[in-house]
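# A structural walkthrough
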Amino acid sequence: MNSSYKHSLSVNSQLTQKSVNRCFDGEQHYYSHQSTSTKTSMTFSIYLPDEALAGRRCPALLYLSGLTCNADNVTHKAHFQQKCSELGMIFIAPDTSPRSSDNDAVPNDERYFVGQGASYYVDATQASWADNFNMQSYIVDELYDLLRAEFPIDSIGITGHSMGGHGALLLGFKFPGKFVSVSALSPVCAASESAWGQAAFTEYFGDDKSRWAQADAAKMIEKVGQQYASILVDQGAADNFLAEGQLQTPKLQDACAKAKQPLTLRYQAGHDHSYYFIQTVINDHIEHHWRMAQLS
């Protein structure tokens, strides 16, 4: 298909287009919009294959990034565009948190695993964070509805890396009616039992451990039971964060076993936590979500 197809936003669109680049048989777009959930401007990238640019409804994959990342990391480094072009799949990458600008004072923390770039995709309840850090509401309500209104999306799957893998598992099982498929790459599986998650949850929820449990992917899976025909998780066997106990992967296995949720968990020998690892397995995840979309 040629490059003459252009996605046109609705007249009343809330989106501002930031950039467009031709990439394989499709286009890589960036948009910004003013969020009511975070009370800040938010940015996301979206890859639109030519089928979508022509107005045909396509399955979509929502990718949640990890600590310190924004939409650029996966868009520039994961090399997902060719596979999405081949399959006719839309790929969306939002930012990981609200961020400060000249017009708003978003709270932050000097620790890289708390604050801006480290939302854990939850709605904070502590006063200092609650005005802006409402990423659960942003992802599953505001952005979800905006994407469906503005783009020719058929169904949506959810995936993510590290903290974003936690977000994909948590939101996928907390809101199974929103998503047709779930996968994760090197996810934080039990955030309430990792040092990263405990630091973040103390800030966002205080000492209320019941809220911690509601924001823990493994605990959520065990609570709600099987929701998907199968979920796919890849983990680098040489990942230093796995060795340090930040990811708690066995807790995910235990939770899925108790929930009777089919899980394909693959430990990839020699691979670490980096985007080189993500490049290695991303096509398998795209194909997993494409297959699940065909069955939905």
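Residues numbered from 1 in each chain as written. Predicted model: local features only at pLDDT ≥ 70, side-chain atom pairs only at ≥ 80, totals over all residues. Heavy atoms only, no water.

## Let's talk about the pairing of strand β7 (residues 181–185)
Across the 5 residues that make up β7, a large majority, 5, are buried. Taking every second residue as pointing to the same face, both faces of β7 are buried, with Ser181, Ser183 and Leu185 on one and Val182 and Ala184 on the other. Pairing of strand β6 (residues 153–160) with β7 involves 2 bridges; the strand directions are parallel. Paired with glycine 157 across the bridge in β7 is serine 181. Remark: the β6/helix α6 (residues 163–174)/β7 crossover connection has right-handed handedness. Bridge analysis of β7 against strand β8 (residues 231–236) gives 3 bridges, and the strand direction is parallel. Counted as the bridge partner of leucine 185 is aspartate 234 from β8. (Buried < 20%, exposed > 50% of the residue type's maximum accessible area, 1.4 Å probe, protein only. Helix = DSSP H or I, 4+ residues; strand = E, 2+ residues; numbered from the N terminus. Pairing = 2+ DSSP bridges. Right-handed = clockwise from strand over helix to strand, strands pointing away.)

## Concerning unusual backbone geometry
With a phi close to 60°, tyrosine 120 is a non-glycine residue in the positive phi region. With a phi angle near 60°, lysine 260 is a residue other than glycine that sits in the positive phi range. Relative to the helices and strands, lysine 260 resides in the loop between α11 (249–259) and β9 (263–268).

## Observations regarding helix α9 (residues 217–224)
Every buried residue of α9 is listed here: Ala217, Ala218, Met220 and Ile221. Considered in projection along α9, the buried side chains sweep an arc of 165° and stay on one side of the axis. Against the buried residues of α9 lie α6, α8 (209–214) and α11. The opening residue of α9, the one whose side-chain oxygen lies 3.1 Å from the backbone nitrogen of alanine 218, is aspartate 216. (Arc of directions from axis to C-beta. Contact = heavy atoms within 4.5 Å. Polar contact = N/O pair within 3.5 Å; in protein donor to acceptor, adjacent residues only side chain to side chain.)

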